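Examining the three-dimensional arrangement
Spelled out, the chains give:
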Amino acid sequence: MAGSDTTPFLSQADDPEDGPVPGTPGLPGSMGNAKSGEPEIPDREGLQRITGLSPARSALIVAVLCYINLLNYMDRFTVAGVLPDIEQFFDIGDSSSGLIQTVFISSYMVLAPVFGYLGDRYNRKYLMCGGIAFWSLVTLGSSFIPRERFWLLLLTRGLVGVGEASYSTIAPTLIADLFVADQRSRMLSVFYFAIPVGSGLGYIAGSKVKDVAGDWHWALRVTPGLGVVAVLLLFLVVREPPRGAVERHSDSPPLNPTSWWADLRALARNPSFTLSSLGFTAVAFVTGSLALWAPAFLLRSRVVLGETPPCLPGDSCSSSDSLIFGLITCLTGVLGVGLGVEISRRLRRSNPRADPLVCAAGLLGSAPFLFLSLACARGSIVATYIFIFIGETLLSMNWAIVADILLYVVIPTRRSTAEAFQIVLSHLLGDAGSPYLIGLISDRLRRSWPPSFLSEFRALQLSLMLCAFVGALGGAAFLGTAIFIEGDRRRAQLHAQGLLPEAGSTDDRIVVPQRGRSTRVPVSSVLI
């Protein structure tokens, strides 16, 4: 059927109250009538005609993006995998250790809006190539810093944020311009598998490379070489698809970018976007805290239980916890992301609010298990690992779903800006400060207790319990998202298809003379 190549589609299930527009090809039914069925979605031939890319090439592009996302998170958590050794080498406390992650996230957060703006307007492929090349060079340089220059390590970790901001704000929008509906959800789930898997590989690579080389510096020299491979793959394989072409009618004009301030105003007026971003902020807070501090906490727990000798100054910290936690992160990430996407996909058939509800269930469910993992650490390390496994699985259910929510409630020409805004919010209130905050609370608690390995353990244990409370707040934000998700999704779809001009947009105004000077007035007021 010819219409299948050019008709609009929905990136999620239909809204049961959504009324089609008469005479508009591809929308189900007609105004005032019941829907005739599911909306028509471009088949493989239709997608190839729209994007100019074969299905195999599109899948290969996603594979390259997944590889880079995996590398991105692998690099981020390699530092956490060797954190006890870094503390010994630079002779720093918990609060200074937390600063390593906080400086990186802060830089990443500040630069994200810049690359979001550029990603909505310029070639995304070349922006990513330049950012990743720079990130690889800076990461390599950070492995040669002498022990008396801890501030230089903080500087280089901050500069790593350039590469990550250039990639994280842009890559999901490329996937959105290549695939539709359930295909998009599946590809996003594959893309976001790379976050927990890459994070786990960071712990594993950091600890094992350190053990093999006998020096933690070599752990930071693995990802730069893989980064060079990533740049070559980006340059040779990835092609830039047209923005939003798969989401508009063949006879509707292309969407043009609006000003940056207009983009921010529109996003601020989008309750589904803002509330889901707040929910994701809670996810970032919890995962950022656990990512940096969980291996160190598990090591201190083993020391208190007498299972591991303490990490003394001048010695290499021998512990299997980074390796075990890395494996748990990989497994729970794959299980959680896949479980979240599959549950949401099935529930969408009967409930259009399924996405935010599944996210809320994941966060609210993870909070008590994370609390139990901390509470049981003094008695049984096995019970701690079991509760961490369950808590991280539930927490990982959010990753792909939150990204999909953003893509179907925001129009194509401001998706990179929306990604950037979400990154800023989630890191500003989430993992930019949470590692440092946890370390700071731990240091303050230790000051009031006699110095001992037990006090070090108890201080970090109590400070990490903040994560369970923040997770519950994030679940409440996703419950709020469920209230607005249907209306915001419908408006974004109609606007992308050229059927609904934005309220307050200056694009629907014309200039007329009034008392000797030109004045912009709405078109409707002139026609009336």
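The structure contained in this document is the topic of the report that follows. If you're wondering where the values come from, they're calculated on a predicted model, not measured in any experiment.

**Observations regarding the pattern of salt bridges**
The tally for this structure, following the rule as stated, stands at eleven salt bridges. Here D263 and R414 are joined by a salt bridge, their closest N and O atoms 3.1 Å apart. With D263 in helix 11 (residues 260-268) and R414 in the loop between helix 16 (399-409) and helix 17 (415-431), this residue pair connects regions lying 151 residues apart in the sequence. Each member of the pair, D263 as well as R414, carries the same accessibility label: buried. Shared partners join several salt bridges into a network, and the residues in it are R121, D263 and R414.

**A few points about the packing of aromatic side chains**
The tally for this structure, following the rule as stated, stands at seven aromatic pairs. Ring centres of F280 and W399 lie 5.4 Å apart, and the angle between their planes is 80°; this geometry places the pair in the edge-to-face category. Highlighted residues: F280 in helix 12 (residues 271-305) and W399 in helix 16, separated in sequence by 119 residues. The pair F280 / W399 is uniform in exposure class, with both members buried. Linked through ring pairs, F89, F90 and F150 together constitute an aromatic cluster.

**Remarks on the nonpolar core**
Counting 112 residues, the largest nonpolar core has L65 and F90 as its most contacted members. The leading source of residues in this core is helix 12, at 14 residues. If we ignore the near neighbours within four places in the chain, the residues touching F90 are I145, P146, R147, R149, F150, L153 and W216.

**Some points on empty space enclosed by the protein**
Per the stated rule, a full pass over the model turns up nine cavities of 30 Å³ or more. A volume near 520 Å³ is recorded for the largest cavity. Secondary-structure elements contributing two or more residues to the lining of the largest cavity are helix 3 (55-81), helix 5 (94-119), helix 9 (181-213), helix 12, helix 13 (321-347), helix 15 (381-396), helix 16 and helix 17. Among the residues forming the lining of the largest cavity, the class breakdown is 19 nonpolar, 13 polar and four charged. Quantified by volume, the second largest cavity comes out at close to 110 Å³. Mapped by element, the contributors of at least two residues to the lining of the second largest cavity are helix 12, helix 14 (354-375) and helix 20 (466-496). For the lining of the second largest cavity, the class distribution of residues is twelve nonpolar, one polar and no charged.

**Considerations on the packing of helix 16 against helix 17**
Relative orientation and spacing of two packed helices are given, respectively, by the angle between their axes and the distance between those axes. Two elements in contact, helix 16 and helix 17, have axes whose closest approach is 10 Å; the angle formed by their N-to-C orientations is 135°. In terms of axis orientation, helix 16 runs oblique to helix 17. With respect to the hand of their crossing, helix 16 and helix 17 are arranged in right-handed fashion. Of helix 17, the residues touching helix 16 (which contributes V402, L406 and L407) are R415, A418, E419 and Q422. Of the residues contributing to the contact of helix 16 with helix 17, the split by class is four nonpolar, one polar and two charged.

Procedures and definitions
- Residues numbered from 1 in each chain as written.
- Predicted model: local features only at pLDDT ≥ 70, side-chain atom pairs only at ≥ 80, totals over all residues.
- Heavy atoms only, no water.
- Salt bridge = Lys/Arg side-chain N within 4 Å of Asp/Glu carboxyl O.
- Helix = DSSP H or I, 4+ residues; strand = E, 2+ residues; numbered from the N terminus.
- Buried < 20%, exposed > 50% of the residue type's maximum accessible area, 1.4 Å probe, protein only.
- Phe/Tyr/Trp six-rings, centres within 6.5 Å; stacked < 30°, edge-to-face > 60°.
- Core = buried A, V, L, I, M, F, W, Y, C linked by side-chain atoms within 4.5 Å.
- Contact = heavy atoms within 4.5 Å.
- 1 Å grid on protein atoms, 1.4 Å probe; cavity = no way out; pocket = protein on both sides within 12 Å on 5 of 7 lines; lining within 4 Å.
- Points joined across faces, edges and corners; volume = space filled by probe spheres on them.
- Nonpolar A, V, L, I, M, F, W, Y, C, P; charged D, E, K, R; others polar.
- Axes fitted to C-alpha atoms, helices over the stretch in contact; angles between N-to-C directions.
- Parallel < 35°, antiparallel > 145°, perpendicular 65-115°, else oblique.
- Left-handed = near helix turned anticlockwise from the far one by under 90°.

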